[in-house]
Amino acid sequence: MQAHADTLRLFFALPCPPEQATAIAQWRDGQLPGGRKVVPDNFHLTLAFLGAQPATRLEALKHLAAAIEAPSFELKLDGLIALGKGFVCLRPQSPPAALLQLATSLGQALGAQGIMLDCRPFLPHLSLARQAELPPHCTPPTFSWAADRFVLYLSENTRDGVRYRELGSWPLAGAGAEAAG
Ligand code: ATP
Ligand code: MG
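Residues numbered from 1 in each chain as written. Chains lettered and ligands numbered in written order. Predicted model: local features only at pLDDT ≥ 70, side-chain atom pairs only at ≥ 80, totals over all residues. Heavy atoms only, no water.

On to the site of ligand 1, then. All residues in the neighbourhood of ligand 1 are listed as Arg 9, Phe 11, His 44, Thr 46, Phe 49, Asp 118, Arg 120, Arg 130, Ser 155, Asn 157, Val 162 and Tyr 164. For ligand 1, the accessible surface in isolation is 600 Å², of which the surrounding protein chains cover 72%. Residue assignment for the shell around ligand 1 shows that the elements contributing at least two residues are strand E1 (7–15), strand E3 (44–54), strand E9 (149–158) and strand E10 (161–171). In terms of residue count, the dominant contributor to the shell around ligand 1 is E3 (three residues). Classifying every residue of the shell around ligand 1 gives four nonpolar, four polar and four charged. (Near = heavy atom within 4 Å. Areas by Shrake-Rupley, 256 points an atom, 1.4 Å probe, with all protein chains shown as cover. Helix = DSSP H or I, 4+ residues; strand = E, 2+ residues; numbered from the N terminus. Nonpolar A, V, L, I, M, F, W, Y, C, P; charged D, E, K, R; others polar.)

With that settled, the discussion passes to the sheet that holds strand E5 (residues 79–83). Sheets are built from strands paired through backbone hydrogen bonds, the pairs being either parallel or antiparallel. Judged by pairing direction, the sheet is antiparallel, and its four strands sit side by side in the order E2-E7-E6-E5 without closing on themselves. Two strands lie at the open edges of the sheet, namely strand E2 (36–37) and E5, each paired on one side alone. For E2 and strand E7 (residues 126–130), the ladder comprises two bridges, and the chain directions are antiparallel. Bridge assignment links Arg 36 to a residue of E7, and that residue is Arg 130. (Pairing = 2+ DSSP bridges.)

Let us now look at the environment of Ala 55. Here Ala 55 is to be found in the loop between E3 and helix H2 (58–66). Residue class for Ala 55 comes out partly exposed when judged on its relative accessible area of 35%. Here the alpha-carbon distance between Ala 55 and Thr 7, two residues 48 residues apart in the chain, equals 5.2 Å. Those residues in contact with Ala 55 that lie beyond four places of it in its chain are Asp 6, Thr 7 and Leu 8. (Buried < 20%, exposed > 50% of the residue type's maximum accessible area, 1.4 Å probe, protein only. Contact = heavy atoms within 4.5 Å.)

Our focus in this paragraph is the pattern of salt bridges. Inspection of the entire model under this criterion finds five salt bridges. Among the ionic pairs, Asp 29 bridges to Lys 37, the shortest N-O distance being 3.6 Å. Here Arg 120 makes a salt bridge to Asp 118, at a shortest N to O gap of 2.8 Å. Here Arg 120 falls in the exposed class, since its relative accessible area comes to 63%. When its relative accessible area of 45% is taken as the criterion, Asp 118 is described as partly exposed. Three or more residues joined by partner-sharing salt bridges are found here, namely Arg 28, Asp 29 and Lys 37. (Salt bridge = Lys/Arg side-chain N within 4 Å of Asp/Glu carboxyl O.)

Moving on, we come to the state of the cysteines. Covalently bonding the sulfur atom of one cysteine to the sulfur atom of another cysteine gives a disulfide. A full pass over the atoms with the stated rule returns zero disulfides. Counting only cysteine sulfurs, Cys 89 is the nearest neighbor of Cys 16, a cysteine outside any disulfide, at a range of 13 Å. Its relative accessible area of 10% is what places Cys 16 among the buried residues. With no disulfide partner, Cys 119 has as its closest neighbouring cysteine sulfur the one in Cys 89, 19 Å distant. (Disulfide = S-S within 2.5 Å.)

All chains considered together, the criterion is met by six aromatic pairs. With 5.0 Å between their ring centres and 85 degrees between their planes, Phe 11 and Tyr 164 make a pair best called edge-to-face. Here Tyr 164 lies in strand E10 and Phe 11 lies in strand E1, a separation of 153 residues in the sequence. Residue classification places Phe 11 among the buried positions, given a relative accessible area of 4%. A connected cluster of aromatic rings, assembled from ring pairs, spans Phe 11, Tyr 153 and Tyr 164. (Phe/Tyr/Trp six-rings, centres within 6.5 Å; stacked < 30°, edge-to-face > 60°.)

Right, let's get into the pairing of strand E6 (residues 87–91). Across five bridges, E5 lies against E6 in antiparallel orientation. In the strand pairing of E6, Leu 80 is matched with Leu 90. Connecting the antiparallel pair E5 and E6 is a turn made up of three residues, with Gly 84 showing a positive phi of about 50 degrees. With three bridges joining them, E6 and E7 adopt antiparallel strand pairing. Following the sheet pairing, Val 88 is matched in E7 by Ala 129.

Right under this line is the structure:
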């Protein structure tokens, strides 16, 4: 869905570091025969999907993100799942408590600003392909990285398909990085 010109289609997510994205895409390409493959640059794990928001709200959202205090954690994607209409995804078999807490904190902070999230329970996943099928007997791989920041993304439709633009990035504690954006 294309957002109206003065609205932005936004979501908070954990970015997938480039090295892991390359490895995940390589594994995916060897395992999934068909479907529309997600480009590795787009790999992410959504924490909170905001949908179309007035552009004027952006600064408040960045403030909200900067106020989140949450620890960094090891994100291990060691499960496979088919979701919705043909999304094949990686997921953590046991989501770390810090991941669930981060999503909850964001949801609560957004709720306090009147932004209500989808009422479905949080199901952490990284989409690999759409219009795809999980091959039977496909053994889940294990990919992991240190989740040391979270990002506010702008989802944009381009001629080459959907692209996500980073609007801001905030460190998770222990990460020692500077907030940007
Ligand atoms: P497109 O919808 O344009 O084909 P996309 O699904 O990758 O591409 P968005 O719809 O902008 O892009 O979604 C961005 C992220 O937010 C994706 O991870 C998507 O799964 C997630 N998302 C979208 N809608 C919801 C929703 N209602 N609830 C939770 N997460 C959502
Ligand atoms: Mg979508």
